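Examining the three-dimensional arrangement
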Amino acid sequence: MTLSLVPPDEVRTAFSQAMSDMYRHEVPQYGTLLELVADINAKALAADPALEQTLAAGGELERLDVERHGAIRVGTAEELSLLRRVFALMGMEPVGYYDLSQAGVPVHSTAFRPVDETALKRNPFRVFTSLLRLELISDDELRRRATAILAGRDIFTEEARELLELGERQGGFDTHQAERFVEAILETFRWHQDATVDHATYQALHDAHRLVADVVCFRGPHINHLTPRTLDIDAAQAAMPDYGIDPKAVIEGPPPRRCPILLRQTSFKALEESIRFAGRDDGTHTARFGEIEQRGIALTRAGRERYDTLLARSRELPPAADNAAHQRQLGEVFADFPDDLDSLRQQGLAYFRYRLSDTGHAALAAGETPPTDLDALIARHWVEALPITYEDFLPVSAAGIFQSNLGDTRHAAYASESNQAAFELALGRPVLDEFALYARLEEDSRERLRQQLGQ
Ligand code: OOG
Ligand code: NI
């Protein structure tokens with residue numbers, strides 16, 4: 001008898017929903033954040049029919065309500081490579097390499113996410129996954145202790161390991177197995193109030209870097225936030241206090257624009273939670289928080305270079321007094337960055353998906369000969385150019401999010417090189433290049449168009 005396998009997209013959706021339910025239970029403020037984002041999105045859509053149309057055309061209206069990213073931090077290469085295998089069974093692959101050591105955070109990271117067009121439309125669930133870089137702890141004795149503690153833990157249940165191997169052998173799961181897999185994997189990301197170390201060890205690791213304590217002192221890589229997507233982050237930031245949520249000082253990423261680019265993010269501060277140390281001392285730990293984000297168009301390498309240059313320039317200015325002043329200042333620095341879709345496209349700064357318009361279909365049906373040049377096809381309204389949404393992360397923003405949740409203590413940059421090769425060795429495969437993925441989405445749409453036009 002052949003097994004009927006559940007598509008990985010469905011396993012991912014079930015997992016993302018299960019994570020969301022668990023996190024809402026663990027951190028009730030996350031539930032409030034979901035309500036706020038739902039309210040803001042409903043208002044934004046009602047106020048801007050063009051926005052609704054663009055989202056609908058890109059197939060993004062349906063995914064909006066399920067769209068989230070989460071973040072976890074692991075301690076060893078073995079943990080990272082096991083997660084890579086787990087996420088593969090959910091149709092998620094590692095995309096991009098992020099070095100946060102330059103921002104004083106001793107981790108490097110990737111994002112597990114779906115990569116093809118249909119999978120992204122179904123559910124673009126992403127997990128920002130960081131690997132602790134123990135080699136950046138300078139105290140030899142402490143580093144050895146942390147290594148030994150991590151070597152002694154297993155972040156997966158026995159059932160999770162068995163199901164992982166079963167899924168790999170079969171190339172997927174039947175319905176019942178998929179349910180068990182989701183439940184078993186959920187255990188890995190659950191919060192544990194009991195630290196695995198005594199108070200003194202926690203304190204020593206915490207003094208090396210708060211993040212080291214967060215990764216090393218617990219049974220597993222608890223999910224530390226889940227982020228819904230808002231259509232208007234400025235309104236969301238302003239409304240947070242009305243919902244009893246205390247936002248971080250500024251929105252990270254580019255300034256507000258008519259054509260949103262990349263990613264803008266804000267978060268609420270990490271909660272101080274009571275924990276119990278081995279030896280039964282009570283204490284507190286801050287780890288888990290909430291975040292919201294607004295996503296815009298994906299930039300090409302040239303566009304991204306421009307973004308990075310302008311962002312670096314804005315960071316040389318004296319810090320602004322508040323978010324409004326910060327956004328104004330950013331807006332001035334970004335004034336020359338084109339803010340209409342035609343310029344972004346014509347100057348090769350952003351990625352687009354091309355499709356035959358109703359006019360184009362009608363013209364073809366009437367036997368008209370299409371122009372061969374893409375610009376002419378667009379100028380004559382045969383073809384529409386729709387923005388491709390940015391599905392990834394931004395290292396400077398990520399560092400800002402990390403830092404606001406480490407009690408705003410700025411750590412100096414680690415004197416270390418980014419080390420993608422070491423990360424990929426730990427992961428067990430190379431990460432995918434996000435630019436290549438966007439370029440392929442764009443090229444696929446052009447190929448489809450050429451076929452429709454008989455070119
Ligand atoms: C990850 C922080 C980065 C984002 O959205 O940029 C992040 C973490 O705190 O583990 O989630
Ligand atoms: Ni995040």
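See above for the structure.
The notes below deal with the structure included here. Within each chain, residue numbers correspond to sequence positions counted from 1 in written order. Here every chain gets a letter starting at A, and every ligand a number starting at 1, in the order they are written. Owing to the predicted nature of the model, reporting of local features is limited to residues with pLDDT of at least 70; listing and counting of side-chain atom pairs is limited to 80 or more, with chain, interface and lining totals taken over all residues. Side-chain figures throughout are based on the complete set of non-hydrogen atoms in the structure, without hydrogens or water.

**Regarding the overall build of the protein chain**
The criterion, for reference: The way it works is that DSSP assigns letters per residue, a run of H or I at least four long becomes a helix, a run of E at least two long becomes a strand, and they are numbered from the N terminus. When we talk radius of gyration, it's over C-alpha atoms, and the globule rule is simply 2.2 Å times the number of residues to the 0.38. Accessible area is worked out with a 1.4 Å probe on protein chains only. A residue is then buried under 20% of its type maximum, exposed over 50%, and partly exposed in between. Residues count as neighbours in contact if any of their non-hydrogen atoms are within 4.5 Å of one another. Using the Shrake-Rupley algorithm and a 1.4 Å probe, accessible areas are obtained, with residue cover drawn only from the displayed protein chains. For the charge count, each Lys or Arg is scored as positive and each Asp or Glu as negative, with His and the chain ends excluded. Where a charge lies is defined by one atom per residue type, namely NZ (Lys), CZ (Arg), CG (Asp) and CD (Glu).
Per the secondary structure count, the protein chain includes 19 helices and 11 strands. Taken against the 2.2 N^0.38 rule, which gives 23 Å for 455 residues, the C-alpha radius of gyration of the protein chain at 23 Å falls within 12% of a compact globule. Its C-alpha atoms put the protein chain at 80 × 70 × 40 Å along the principal axes. Across the 455 residues in the protein chain, those meeting the buried criterion constitute 55%. The contacts in the protein chain between residues at least 6 apart in sequence include a share of 75% that link residues at least 24 apart. Roughly 19,700 Å² of accessible area belongs to the protein chain as shown, and the carbon and sulfur atoms make up 50% of that amount. Each charge class in the protein chain can be summarised by its mean position, and for the 49 positive and 72 negative side chains these summaries are 1 Å apart.

**Description of the sheet that holds strand β4 (residues 126–132)**
Selection criterion: Two strands qualify as a pair provided that DSSP identifies no fewer than 2 bridges between them. Lines fitted to C-alpha atoms define the axes, with helix axes restricted to the stretch in contact, and inter-axis angles between N-to-C directions lie between 0 and 180 degrees.
Ordered by their spatial adjacency, five strands build an open sheet running β2-β3-β4-β1-β5, and the pairing between neighbours is mixed. Of all the strands in the sheet, the pair left with one neighbour each is β2 (93–99) and β5 (225–228). Recorded for the sheet is a direction-independent mean angle of 20° between the axes of neighbouring strands. Sheet topology places strand β3 (residues 107–113) next to β4; six bridges connect them, and they run antiparallel. Its bridge partner lying in β4, Thr110 is registered against Thr129. Contacts between helix α2 (residues 28–47) and the sheet are confined to β1 (68–74) and β5, with β5 contributing the most and set at about 10° to the helix.

**Structural notes on empty space enclosed by the protein**
We apply this condition: A 1.4 Å probe that fits into a set of points on a 1 Å grid over the protein atoms alone but cannot get out defines a cavity; an open set with protein on both sides within 12 Å along at least five of seven lines defines a pocket, and lining residues are those with an atom within 4 Å of a point. Grid points are joined across faces, edges and corners, and a volume is the space filled by probe spheres set on the points. Ten residue types, Ala, Val, Leu, Ile, Met, Phe, Trp, Tyr, Cys and Pro, are classed as nonpolar, four, Asp, Glu, Lys and Arg, as charged, and the remainder, Gly among them, as polar.
Within the structure shown, the criterion is met by four cavities of 30 Å³ or more. Here the largest cavity defines a volume of roughly 140 Å³. Contributing to the lining of the largest cavity are 15 residues, with Ala71, Phe128, His225, Ala398 and Ile401 lying nearest its centre. Secondary-structure elements contributing two or more residues to the lining of the largest cavity are β1, β4 and α17 (395–404). Sort the elements by how many residues they give to the lining of the largest cavity and β1 lands first, with four residues. Tallied by class, the residues present in the lining of the largest cavity amount to eight nonpolar, five polar and two charged.

**Observations regarding the side chain of Arg229**
Our working definition: A 3.5 Å cut-off defines polar contacts: any pair of N or O atoms within that distance qualifies, except that in protein one atom must be a possible hydrogen donor and the other a possible acceptor, and neighbouring residues in sequence count only when both atoms are side-chain atoms.
For Arg229, the location among the structural elements is in the loop between β5 and α11 (233–239). A distance of 2.8 Å separates a polar atom in the side chain of Arg229 from a polar atom in the side chain of Glu60. Each residue touching Arg229, except ones within four places of it in the same chain, is listed here: Val37, Asn41, Leu55, Glu60, Arg63, Leu64, Glu67, Glu293, Arg295 and Thr389.

**Quick notes on the site of ligand 1**
Selection criterion: Nearness here has a simple test: a residue counts as near a molecule or strand if at least one of its heavy atoms is within 4 Å of that partner. In this description, a molecule resides in a pocket or cavity if more than half of its atoms sit within 2 Å of the grid points defining it.
Around ligand 1, a shell composed of His69, Ala71, Arg73, Phe128, Asn224, His225, Gln265, Phe289, Glu291, Phe393, Ala398 and Phe402 is seen. Contact between ligand 1 and Gln265: an oxygen atom at 2.8 Å from a side-chain N or O atom of the residue. Within the side chain of Glu291, a nitrogen or oxygen atom sits 3.0 Å from an oxygen atom of ligand 1. In isolation ligand 1 exposes 320 Å². Once the protein is present, 100% of that is buried. The pocket occupied by ligand 1, as judged from atoms lying within 2 Å of grid points, is the largest cavity. Put simply, the parts of the chain that give the shell around ligand 1 at least two residues each are β1 and α17. Residue contributions to the shell around ligand 1 peak at three residues, all from β1. The residue inventory of the shell around ligand 1, partitioned by class, reads six nonpolar, four polar and two charged.

**A word on the coordination of the nickel ion (ligand 2)**
What counts is decided by this rule: Donor selection uses N, O and S atoms within 2.8 Å of the metal (3.2 Å for Na, K and Ca). Since no water is included, sites may look incomplete.
Protein-derived coordination of the nickel ion (ligand 2) comes from His69 (NE2), His225 (NE2) and Glu291 (OE), at a distance range of 2.1 Å. Donor residues binding the nickel ion (ligand 2) come from one chain and are separated in sequence as H-x155-H-x65-E. One end of the pair, His69, is in strand β1; the other, His225, is in strand β5, with 156 residues separating them in the sequence. Take His225: its relative accessible area is 6%, and that puts it in the buried class.

**Regarding the side chain of Thr286**
Relative to the assigned elements, Thr286 resides in strand β8 (residues 282–286). Classification of Thr286 as buried rests on a relative accessible area of 16%. There is a polar contact of 2.5 Å between the side chain of Thr286 and the side chain of Arg210. Beyond its immediate chain neighbours, meaning those up to four positions away, Thr286 contacts Arg210, Ala270, Leu271 and Glu272.

Geometric descriptors of this kind do not, in isolation, establish any biological role.
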